[in-house]
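# Results of the structural survey
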There are 2 protein chains.
Amino acid sequence: MATKTFTEQELNDIYAFAVQLGKDAGKLLLEAARLRWNGENTPEAVEKDSSVDIVTKTDEVDVELFIKTSINQKFPDHAFVGEESYSKGAFRDYLISDSTPTWCVDPLDGTVNYTHLFPMFCVSIAFLVGGKPVIGVINAPFLNQLFTACGGRGAWLNETQRLPLIRNPIPPMPTNAPAGCVFSCEWGKDRKDTPGGNLHRKVESFLNMAAEVGGRAGKGGMVHGIRSLGSATMDLAYTAMGAFDIWWEGGCWEWDVAAGIAILQEAGGLITTANPPENPSTAQIEDVGLGSRLYLAIRPAGSSSTESGRQGQERTVREVWRRVRALDYNRPGA
Amino acid sequence: MATKTFTEQELNDIYAFAVQLGKDAGKLLLEAARLRWNGENTPEAVEKDSSVDIVTKTDEVDVELFIKTSINQKFPDHAFVGEESYSKGAFRDYLISDSTPTWCVDPLDGTVNYTHLFPMFCVSIAFLVGGKPVIGVINAPFLNQLFTACGGRGAWLNETQRLPLIRNPIPPMPTNAPAGCVFSCEWGKDRKDTPGGNLHRKVESFLNMAAEVGGRAGKGGMVHGIRSLGSATMDLAYTAMGAFDIWWEGGCWEWDVAAGIAILQEAGGLITTANPPENPSTAQIEDVGLGSRLYLAIRPAGSSSTESGRQGQERTVREVWRRVRALDYNRPGA
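Criteria and cut-off values
- Residues numbered from 1 in each chain as written.
- Chains lettered and ligands numbered in written order.
- Predicted model: local features only at pLDDT ≥ 70, side-chain atom pairs only at ≥ 80, totals over all residues.
- Heavy atoms only, no water.
- UniProt positions renumbered as here; feature names shortened; annotations may be inferred.
- Contact = heavy atoms within 4.5 Å.
- Buried area = accessible area lost by both parts, 1.4 Å probe.
- Salt bridge = Lys/Arg side-chain N within 4 Å of Asp/Glu carboxyl O.
- Helix = DSSP H or I, 4+ residues; strand = E, 2+ residues; numbered from the N terminus.
- Nonpolar A, V, L, I, M, F, W, Y, C, P; charged D, E, K, R; others polar.
- Axes fitted to C-alpha atoms, helices over the stretch in contact; angles between N-to-C directions.
- Parallel < 35°, antiparallel > 145°, perpendicular 65-115°, else oblique.
- Pairing = 2+ DSSP bridges.
- Domains from an automatic or database assignment.
- Polar contact = N/O pair within 3.5 Å; in protein donor to acceptor, adjacent residues only side chain to side chain.
- Least-squares fit on C-alpha atoms with pLDDT ≥ 70 in both.
- Buried < 20%, exposed > 50% of the residue type's maximum accessible area, 1.4 Å probe, protein only.
- pLDDT = per-residue confidence, 0-100.
- Phe/Tyr/Trp six-rings, centres within 6.5 Å; stacked < 30°, edge-to-face > 60°.

An unreviewed UniProt entry annotates chain A as Inositol-1-monophosphatase of Thermothelomyces thermophilus. Its UniProt record gives chain A the following Pathway (unreviewed entry) comment, quoted word for word: "Polyol metabolism; myo-inositol biosynthesis; myo-inositol from D-glucose 6-phosphate: step 2/2." In the Cofactor (unreviewed entry) part of its UniProt record, chain A is described as follows: "Mg(2+)".

Structure follows, in structure tokens:
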């Protein structure tokens, strides 16, 4: 089946709808959070950790249902893939088709943050055409930060500040990257203490990125800082903003990253696979597979006197690949 | 010399002055940041990393000078210890006296974040009486989050929401803490790849906290999440808020933590030393030394049917001590 195409006007309308949907969904999330901290949302539920998880689950299901219903009413021929609906499904295959315009939604990214009321939680809404994220909306309501983008229309913070934030000029990647870079990464949920398991591979990679230049048998990256927010979606949003230079992660899912990828790419960022190829110095740097669960993003970069922005990004990708271990995540159908 | 005491009315006035000062200083920081992202703050300075650092240094010096001058005019007999002024001094001794009312100020905590425009930066203003933080003001202007506290007057977010946020009731510490806890920590600036050095001690501690229960030879803590924001001050503010359950850190200074300690303690949190004593199970849990550079903070906790909030906090302190390595930081005079 051929990929459906959209006129510029049709895309404008879908974009405006998506932004409003993100605002409304964010408001719902914040209202639910406020009920919790005012003790009005079943106060006994905050006494036990398991009960907190139940409260959160209800909030997620409610918000996803609101988003899904709104989309179905407005665009009955579009497909919908949501974190909550997907989790109820019987299998874990990648479901996004190239031929059907598809909405890919996480009603609540940063669930642990939301449970604890750490402000780094958000709703993530992406619209995909031909299997590629074209529109992205991320709303972090407790931070009053709304990130939006649509192909060819720029990426924006709160609809007024174009991304990346520093853009007169956009800084090139540091000449000695990853030194000088803020490196964003997550510990994730796989905590098995197995030698060679994902937890140990991650920690070894983090340590390589952190250590002094010359340390770690030449792998020391001496990054400017290491940040872990507990939300893949917010990590990507801040990479698009230019606040993070590098985001490296394995294990999350397409609804965690689809909106972020749309925003990052529209801002001028690059995203490819987290796992180093056989020859990091020469391998082709390809766009990431949306459902691959392995992501390496580089912020928008300007040119310097010696290289283009893209060249600086690719140089940085190779320097990260030299320092990280391949992670063990995979995905049927992606 | 005897410690000077203040009447409630005098403290009210100093508190109101400190809050306004924090608001004004935060505005200055955000204006300087906006100039940068609008390309109006010496655009050539964003091209090279070293130049960015120069810009940041100017911003820090300006904001500290503003704060110091405002305090000197209003309270000429109060002492002032600021990050910038201190760094220019000849030695690294702890300078806060028990006998003189003292302001302890970091004009910009999260310098790397500020340089990269990641929103987790703030101004931190503390007022100390008898060497103890009594008033704390933390303003993160890019997040629109202002944290304030004064002894006996409660701790507040944006002057309207009392801390901790969840308080009807305040949740007790999880029965299996550190499991169920959000653990906040920082990689810091000491990146020497020395076996037994601070970097390796930190990573080993982080890994113990992260790993599954039963892993790491019984030290696995299976925390709910690990967060690194790149700002000790914001870490403490979020611990006071209840968003982080545990903050463990070594290497920062009194101006990084003084305001945060005032806010955390007024909210009901506990703060002691990061370094485990000889017998973690039975050692007395003492209040932290402000200038000790070694900090372990636990969020405000409510009582359960089996223990008081304080008992739950102390139990959590001991469980953290069991899993972390002693860090190698010290301080003359503290």
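Structure shown, so let's carry the discussion forward.
Time to look at the interface of chain A and chain B. Between chain A and chain B, the contact holds 62 residues from the first and 62 residues from the second. Between chain A and chain B lies a buried interface of about 5300 Å² when both sides are counted; carbon and sulfur atoms form 62% of it. Between chain A and chain B we count zero salt bridges in total. Where the side of chain A that touches chain B is concerned, the elements lending two or more residues are helix 1 (8-37), helix 4 (111-116), helix 5 (198-210), strand 9 (225-227) and helix 6 (232-241) of chain A. It is helix 5 of chain A that provides the largest number of residues to the side of chain A that touches chain B, a total of six residues. When grouped by side-chain class, the residues that make up the side of chain A that touches chain B number 34 nonpolar, 16 polar and twelve charged.

Before going further, it helps to spend a moment on the packing of helix 6 of chain A against helix 7 (residues 254-267) of chain A. Residues and elements named next belong to chain A. Orientation of helix 6 relative to helix 7, taken along the N-to-C sense of each, is 0°, at an axis distance of 9 Å. In terms of orientation, helix 6 lies roughly parallel with respect to helix 7. Side by side, helix 6 and helix 7 meet where Ala-232, Thr-233, Leu-236, Thr-239 and Ala-240 of the first sit next to Asp-256, Val-257, Gly-260, Ile-261, Ile-263, Leu-264 and Ala-267 of the second.

All names here are of chain B. The strand order across the open sheet formed by seven strands is 1-2-3-4-5-6-7, and the pairing between neighbours is mixed. The open sheet is flanked by strand 1 (79-82) and strand 7 (161-162), the only strands paired with a single partner. Two elements, strand 5 (residues 145-150) and strand 6 (residues 155-157), share three bridges in a ladder whose sense is antiparallel. Of the residues in strand 6, the one forming a bridge with Thr-148 is Trp-156. Sheet strands in contact with helix 1 (residues 8-37) are strand 2 (102-109), strand 3 (122-129), strand 4 (132-140), strand 5 and strand 6, and its direction is about 30° off that of strand 4.

Interfaces are often sized by the accessible area lost when the parts come together. Residue and element names in this part refer to chain A. You can read the domains of chain A as domain 1 (8-162) and domain 2 (182-321). Each of domain 1 and domain 2 has a C-alpha centre, and these two points are 24 Å apart. In total, domain 1 and domain 2 occlude about 2300 Å² of area from one another, counting both sides; carbon and sulfur atoms represent 71% of this. Considering only the side of domain 1, the residues that lose the most area to domain 2 are Met-120, Pro-133 and Phe-147, jointly responsible for 22% of the buried surface there. If you look at where domain 1 meets domain 2, you find zero salt bridges. Our count for the domain 1 to domain 2 interface comes out at eight residue pairs in polar contact (both at pLDDT 80 or more). Those elements that place two or more of their residues in the side of domain 1 that touches domain 2 are helix 3 (83-88), strand 2 (102-109), strand 3 (122-129), strand 4 (132-140), strand 5 (145-150) and strand 6 (155-157).

Turning our attention to the relation of the copies chain A and chain B. Expressed as a screw transformation, the operator carrying chain A onto chain B has a rotation angle of 180° and an axial translation of 0.0 Å, and the superposed copies differ by an RMSD of 0.0 Å. On the angle and the small slide along the axis, the relation comes out as a two-fold axis. Residue Ser-228 of chain A of chain A places its C-alpha closer to the rotation axis than any other residue of that unit, at 2.4 Å. Most of the interface of chain A is mirrored in chain B, where 100% of its interface residues again form contacts.

All names here are of chain B. With eight of its eight residues buried, strand 2 lies for the most part within the structure. Bridge count between strand 2 and strand 3: six bridges; the pairing is antiparallel. Bridged to Asp-109 within strand 3 is Cys-122.

Of the residues in chain A, 94% have a pLDDT of 70 or more, and the chain-wide mean is 93. Note on residues 42-48 of chain A: pLDDT under 50 across the span, and 13 contacts to partners over four residues away in sequence or across chains.

Residues and elements named next belong to chain A. Per the UniProt entry, the sites bearing "binding site: Mg(2+)" (unreviewed entry) are Glu-83, Asp-106, Leu-108, Asp-109 and Asp-256 in this numbering. Spanning 174 residues, the named residues form one tight spatial group whose C-alpha atoms are at most 9.4 Å apart. For Glu-83, the position within the fold is in helix 3. Overall, the relative accessible area of 17% leaves Glu-83 in the buried class. Non-local contacts of Glu-83, meaning those with residues more than four positions away in its chain, are made with Glu-60, Glu-64, Val-105, Asp-106, Pro-107 and Trp-255. Structurally, Asp-109 is set in strand 2. Residue classification places Asp-109 among the buried positions, given a relative accessible area of 5%. Those residues in contact with Asp-109 that sit more than four places away from it in its chain are Met-120, Phe-121, Cys-122, Ser-231, Ala-232, Thr-233 and Asp-256.

It is worth spelling out the packing of aromatic side chains at this point. Inspection of every chain in the model, using the stated rule, returns 38 aromatic pairs over all chains. Measuring from ring centre to ring centre gives 5.8 Å for Tyr-238 of chain B and Phe-244 of chain B, while their planes differ by 65°; the resulting arrangement is edge-to-face. Considered together, Tyr-238 of chain B and Phe-244 of chain B belong to a single accessibility category, that of buried residues. An aromatic cluster of at least three residues, connected via ring pairs, comprises Phe-183, Trp-187, Phe-206 and Trp-248 of chain A together with Phe-183, Trp-187, Phe-206 and Trp-248 of chain B.

Bringing the sheet that holds strand 6 of chain A into the picture now. Residue and element names in this part refer to chain A. Judged by pairing direction, the sheet is mixed, and its seven strands sit side by side in the order 1-2-3-4-5-6-7 without closing on themselves. Whereas interior strands pair on both sides, the edge strands pair on one side only; in this sheet they are strand 1 (79-82) and strand 7 (161-162). When strand 4 meets strand 5, the two strands line up antiparallel, connected through six bridges. Counted as the bridge partner of Val-137 is Thr-148 from strand 5. With respect to the sheet, helix 6 is in contact with strand 2, strand 3, strand 4, strand 5 and strand 6, its orientation differing from that of strand 5 by roughly 70°.

Another point: the pattern of salt bridges. Under the criterion given, the structure shown has 24 salt bridges over all chains. Ionic pairing is found between Asp-245 of chain A and Arg-299 of chain A, a salt bridge with its closest N-O pair at 2.6 Å. Residue Asp-245 of chain A is found in the loop between helix 6 and strand 10 (246-250), and its partner Arg-299 of chain A is found in the loop between strand 12 (294-298) and helix 8 (309-321); the two are separated by 54 residues along the sequence. For the residue pair Asp-245 of chain A and Arg-299 of chain A, the accessibility class agrees, reading buried in each case. Here Glu-314 of chain B makes a salt bridge to Arg-318 of chain B, at a shortest N to O gap of 3.9 Å. Of this pair, Glu-314 of chain B and Arg-318 of chain B are both found in helix 8 (residues 309-321), four residues apart, which corresponds to roughly one turn of the helix. Bridged by salt links that share partners, the residues Arg-310, Glu-314 and Arg-318 of chain A form one connected network.

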